[in-house]
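# Per-entry structural report
Next come the chains, spelled out residue by residue.
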Amino acid sequence: MTIMTYRQALHDTLRAEMLRDDNVFLMGEEIGVFEGSYKITAGLLKEFGEKRVRDTPIAEEGFAGAAIGAAMLGLRPVIEMMTINFSMLALDQIINHAAKIYGMFGGQASVPLVIRTPGGGGQQLGATHSQNIELFYAFVPGMKVVAPSSPADAKALLLAAIRDDDPVLFLENLALYNTKGEVPDDDTPAEIGRAAVTRPGKDLTLIGYSRMAHVAAEVAASLAETDGLDIEVVDLRSLRPLDRETIVASVRKTHAAVVLEDDWLTYGIGAEVAASISDGAFDYLDAPVRRVAMAEVPMPYSKTLETAALPSRDDVTVAIRQTLAAVGHRTAPLALGVPQS
Amino acid sequence: MATQARQRRSAVPQAAPGERHAQLRQFYRDMVLVRRFEERAARAYTEALIGGYCHLNLGEEAAVVGLMSALRPTDYLFTNYREHGYAIMRGIDPKRVMAELYGRVDGVSKGWGGSMHMFDVTHRLLGGYGIVGGQLPLATGAALAIDYRGGDEVVMCTLGDGTTAIGAFHESLNIAALWNLPIVFVIINNGLGMGTTVAKSSAEPELYKRGAAYRMESARVDGFDPLAVRDAAAAAVEAARGGRPYLLEVVTERLRGHSVVDPAKYRSAAEVERLKEEDPIRLLGAKLTADGALDPDAIAAIEEEVAAIVTAAADFAASSPSPDVSTLFDYTYATPVPNDSRRLPGQPLFEPLPASAALLPAPDPALGASA
């Protein structure tokens, strides 16, 4: 085990995979000379040269498509979309091509492509630079979408994504790059399609991914201390495939669920999780499934407004208390009343 | 359209007469094969044996055979949704092309692609693509992979005239030129994107001139002259093999509508009459006959041979089975992962609990049915 940042885990894993397999190469805007907008690829151009660390023109559709074509011939490109917002310029190539080629041609060509890209708001970047649109990709069969929340998962899921023969949207998060955690030294990939119970508990299931899995763990720890609550945390890790079994098994045990997402609520990933709980744990629920999600507005620049629009630890805490109140769960603070919103 | 026809020109000097005639007789035969195959496909479509969209190469036969003759078997082709003729001229058995049109397991794409999505790894046809211009970035990436590995293959990427207006055209040509990739972009300019003329969709209607924006060599060639097309394509392919990407414009005609179901009402009566005269197969047949390189018996023999191939293709397609429903989930992912959905529309995500009634004690008959 080594303690390192999420950023370092990504960097080291990219480097190790490039050393392991000559077919792995990087493409993206400003990843070489500039060393990446968020410095994930720092130093790699110097070490591997322009052939394997390729700065592209500002042409998301062009270079995403070129990566898909190169992958069809057996290379294993890892491309960086500077932020997930810019990936929308490459939607045709990702959704109409990367996700379709294996099926549309009867399994004759696979697309071993990784699209690394950070989502997330909270950096005062305004409406077009603060979105979480992983939902677009998670909606599409043929795509795989993973969203690590910890440095250890950043490594294990990136290993899995690079070694997988299908297109994988690898969701990073601006707010996670500097977070630290223990990272195993061996290179065992994670299993795409599996959620993880990161904290066992019995009172309520708190579900999140990416930054919100982090928030979930913090809130669970905090409520254990202040309220004596025993909350189970499920980190989705994989948005497609979605591990419904793990979600439902947890809710069948705890009988209550709060779903967190750093995204708009309506039609969101939380909606899919809530519907899955309804399908698989309807008779086990003691309270309606509650969702905590971003306010449904184009993200404002002003710090005051931006903070209000993003789901906070307090929002999550309130949602948990209200849900448990609906269950009739008896804890001292709850008996005093529940804030109305 | 008439203006455009006058702008056709051959880019490269032509071969010696004897060699020319032998090559042209082969081209004539191949063009007849594409023509009769497409006519059979149109018939099968009206018989509801083929579904979806169906875009035919009618009128583009000289372009198809000329271009395909310039490629080595190891070269790659990316093309669009009007690709049946290209598939056949890449060497794919017409039976497998027709079976794909019929949506059967023996189709080139196992019935998953249909008319717009023919694919064959062995013959290096890396796809017909149904989204206009979708193939351009992909083909550029295939050329990147060749360059990455130091191979000597070339990628040919065909596109329609309308495709030169999309962003991916600009992005792909720019990347190919910046990185000196081994790729030839070929614009099949039949003058019409569905019903919109080149003049109405492109500020520079001499489309090959767009190469200048990327310092890319480019040329325009008469798409009714298969030898001229072959020679121009060979020059382009040679440049690309040397790391100089190339833009070739092939000026041709679309004899029928955009697809089988398009009556092409946007065309004037005069234009329809002109197209009857300007049939590339009729023109080439007449020219070769006048030159003494073909005669009516030879033409009849070609028609007979081709008719047998096309009939065999249709028979094969009709007798090939439809894919089994049990294979529906076989091609979502190349690497299997847990929790991948294999649910049919009527199936629940989780096994439903037994009906509530089954959990209750049986009703007591003594109580009657009044409750």
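Residues numbered from 1 in each chain as written. Chains lettered and ligands numbered in written order. Predicted model: local features only at pLDDT ≥ 70, side-chain atom pairs only at ≥ 80, totals over all residues.

## Some details on the overall build of chain A
- Assigned secondary structure in chain A consists of 13 helices and 14 strands.
- Compactness check: chain A gives a C-alpha radius of gyration of 20 Å against a globular reference of 20 Å for 341 residues, within 12% of the reference.
- Summarising its shape, the C-alpha atoms of chain A cover approximately 65 × 45 × 40 Å along the three principal directions.
- Here chain A holds 341 residues, and the buried ones make up 57% of them. (Helix = DSSP H or I, 4+ residues; strand = E, 2+ residues; numbered from the N terminus. Rg over C-alpha atoms; globule rule 2.2 N^0.38 Å. Buried ≥ 20, exposed ≤ 12 C-beta atoms within 10 Å, placed from the backbone.)

## Some details on the overall build of chain B
- Regarding its fold elements, chain B presents 13 helices and eight strands.
- Along the first, second and third principal axes, the C-alpha set of chain B runs to 105 × 50 × 40 Å.
- The long-range share in chain B, meaning contacts at least 24 apart out of those at least 6 apart in sequence, stands at 75%. (Contact = placed C-beta atoms within 7 Å.)

## Comments concerning helix 12 (residues 296-319) of chain B
All names here are of chain B.
- Counted at 1.5 Å a residue, the expected span for helix 12 with its 24 residues is 34 Å, and the 34 Å between its end C-alpha atoms agrees.
- Among all positions of helix 12, only Ile302, Val306, Val310, Ala313, Ala314 and Ala317 are buried.
- Residues of helix 12 that are buried in the fold lie against helix 2 (17-46) and helix 5 (94-101). (Expected span 1.5 Å × (residues − 1).)

## Considering the sheet that holds strand 3 (residues 155-160) of chain B
Residues and elements named next belong to chain B.
- Across the sheet, six strands lie side by side as 2-1-3-4-8-7; this open sheet has parallel pairing. Each edge of the open sheet is held by one strand with a lone partner, namely strand 2 (125-128) and strand 7 (217-222). Direction aside, the axes of adjacent strands within the sheet are offset by 15 degrees on average.
- Of the strand pairs in this sheet, strand 1 (residues 76-79) and strand 3 are connected by three bridges, and their pairing is parallel. By the bridge assignment, Leu77 is partnered in strand 3 with Met156.
- Contacting strand 1, strand 2, strand 3 and strand 4 (183-189), helix 6 (residues 135-149) crosses the sheet at an angle of about 170 degrees to strand 3.
- Across the sheet, helix 9 (residues 226-241) lies against strand 4, strand 7 and strand 8 (246-251), angled at about 170 degrees from strand 8, the strand it touches most. (Pairing = 2+ DSSP bridges. Axes fitted to C-alpha atoms, helices over the stretch in contact; angles between N-to-C directions.)

## Quick look at the environment of Val318(A)
- Within the secondary structure, Val318(A) sits in helix 12 (residues 313-327).
- C-alpha of Val318(A) to C-alpha of Val292(A): the two residues are 26 residues apart in sequence and 9.8 Å apart in space.

## Here we look at the nonpolar core
- In this structure, Leu206(A), Ala142(B), Val155(B), Ile183(B) and Val184(B) are the most contacted members of the largest nonpolar core, which totals 205 residues.
- Broken down by element, the residue count for this core peaks at eleven residues, all from helix 2 of chain B.
- A domain split of this core shows at least three residues from each of domain 1 (2-183) and domain 2 (196-328) of chain A.
- In this structure, Leu206(A) is in contact with Ala216(A), Val219(A), Ala220(A), Ile231(A), Glu232(A), Val233(A), Val258(A), Leu260(A) and Ile320(A), ignoring residues within four places of it in sequence. (Core = buried A, V, L, I, M, F, W, Y, C linked by C-beta atoms within 7 Å. Domains from an automatic or database assignment.)

## Quick notes on the interface of chain A and chain B
- In this assembly, 48 residues from chain A lie in contact with 42 residues from chain B.
- Counting only elements with at least two residues in the side of chain A that touches chain B, the list comes to helix 3 (60-72), helix 4 (91-98), helix 5 (101-104), helix 9 (244-254) and helix 10 (269-281) of chain A.
- Of all the elements, helix 3 of chain A adds the most residues to the side of chain A that touches chain B, at ten residues.
- Residue composition of the side of chain A that touches chain B, by class: 19 nonpolar, 15 polar and 14 charged. (Nonpolar A, V, L, I, M, F, W, Y, C, P; charged D, E, K, R; others polar.)

## As for the pairing of strand 11 (residues 231-235) of chain A
Residue and element names in this part refer to chain A.
- Summarising burial for strand 11: five of the five residues are buried, a large majority.
- Across the two faces of strand 11 the burial is the same, with Ile231, Val233 and Asp235 and Glu232 and Val234 all buried.
- Direction of pairing for strand 9 (residues 196-199) relative to strand 11: antiparallel, over a ladder of three bridges. Residue pairing across strands places Ala196 opposite Asp235, the latter belonging to strand 11.
- Sheet analysis places strand 10 (residues 204-208) next to strand 11, joined by five bridges and oriented parallel. Across the sheet, residue Leu204 finds its bridge partner in strand 11, namely Ile231.

## Here's the deal with the packing of helix 3 (residues 61-68) of chain B against helix 9 of chain B
All names here are of chain B.
- For the pair helix 3 and helix 9, interaxial distance at closest approach is 7 Å and the crossing angle is 40 degrees. Where helix 3 crosses over helix 9, the handedness of that crossing is right-handed. In this structure, helix 3 uses Ala62, Ala63, Val65, Gly66 and Leu67 to contact helix 9, whose residues at the interface are Pro226, Leu227, Val229, Arg230 and Ala233.
- Along the lines of polarity and charge, the residues of the contact of helix 3 with helix 9 split into eight nonpolar, one polar and one charged. (Left-handed = near helix turned anticlockwise from the far one by under 90°.)

## A short note on the domain arrangement of chain A
All names here are of chain A.
- Domain boundaries assigned for chain A yield domain 1 (2-183) and domain 2 (196-328).
- One C-alpha centre belongs to domain 1, the other to domain 2; they are set 27 Å apart.
- Facing 25 residues of domain 1, the contacting portion of domain 2 comprises 21 residues.
- Elements with a contribution of two residues or more to the side of domain 1 that touches domain 2: helix 6 (134-138), strand 6 (144-146), helix 7 (151-163) and strand 7 (168-173).

## A word on the sheet that holds strand 7 of chain A
All names here are of chain A.
- Strand order in the open sheet formed by seven strands is 3-2-4-5-7-6-12, and the pairing between neighbours is mixed. Edge positions in the open sheet fall to strand 3 (53-55) and strand 12 (238-240), since each of these has one partner strand only. Geometrically, the sheet is characterised by an average inter-axis angle of 20 degrees between neighbouring strands, direction not taken into account.
- Where strand 2 (residues 24-28) and strand 3 come together, three bridges link them in parallel fashion.

## A closer look at the pairing of strand 2 of chain A
Residues and elements named next belong to chain A.
- Most of strand 2 is tucked away: five of the five residues are buried.
- Residues of strand 2 alternate between two faces, with Val24, Leu26 and Gly28 on one and Phe25 and Met27 on the opposite face, all of them buried.
- Of the strand pairs in this sheet, strand 2 and strand 4 (residues 76-80) are connected by five bridges, and their pairing is parallel. Residue pairing across strands places Gly28 opposite Glu80, the latter belonging to strand 4.

## A short note on the environment of Tyr208(B)
Residues and elements named next belong to chain B.
- Inspection of the secondary structure puts Tyr208 in the loop between helix 8 (198-201) and strand 7.
- Taking the C-alpha atoms as reference points, Tyr208 and Met118, 90 residues apart in sequence, are found 27 Å from one another.
- Among all residues touching Tyr208, those that are not within four sequence positions of it are Ser218, Ala219, Arg220, Leu247 and Glu249.

## Description of helix 5 of chain B
- Counting buried positions over the eight residues of helix 5 of chain B gives eight, a clear majority of the element.
- Packed against the buried residues of helix 5 of chain B are helix 2, helix 4 (84-89) and helix 12 of chain B.

## A word on the environment of Val78(A)
Residue and element names in this part refer to chain A.
- Among the structural elements, Val78 can be located in strand 4.
- For Val78, a count of 26 C-beta atoms within 10 Å puts it in the buried group.
- In the structure, Val78 is positioned 148 residues away from Thr226 in sequence and 44 Å away in space, judged by C-alpha atoms.
- Apart from the residues within four sequence positions on either side, Val78 is in contact with Leu14, Val24, Leu26, Val114, Arg116 and Ile162.

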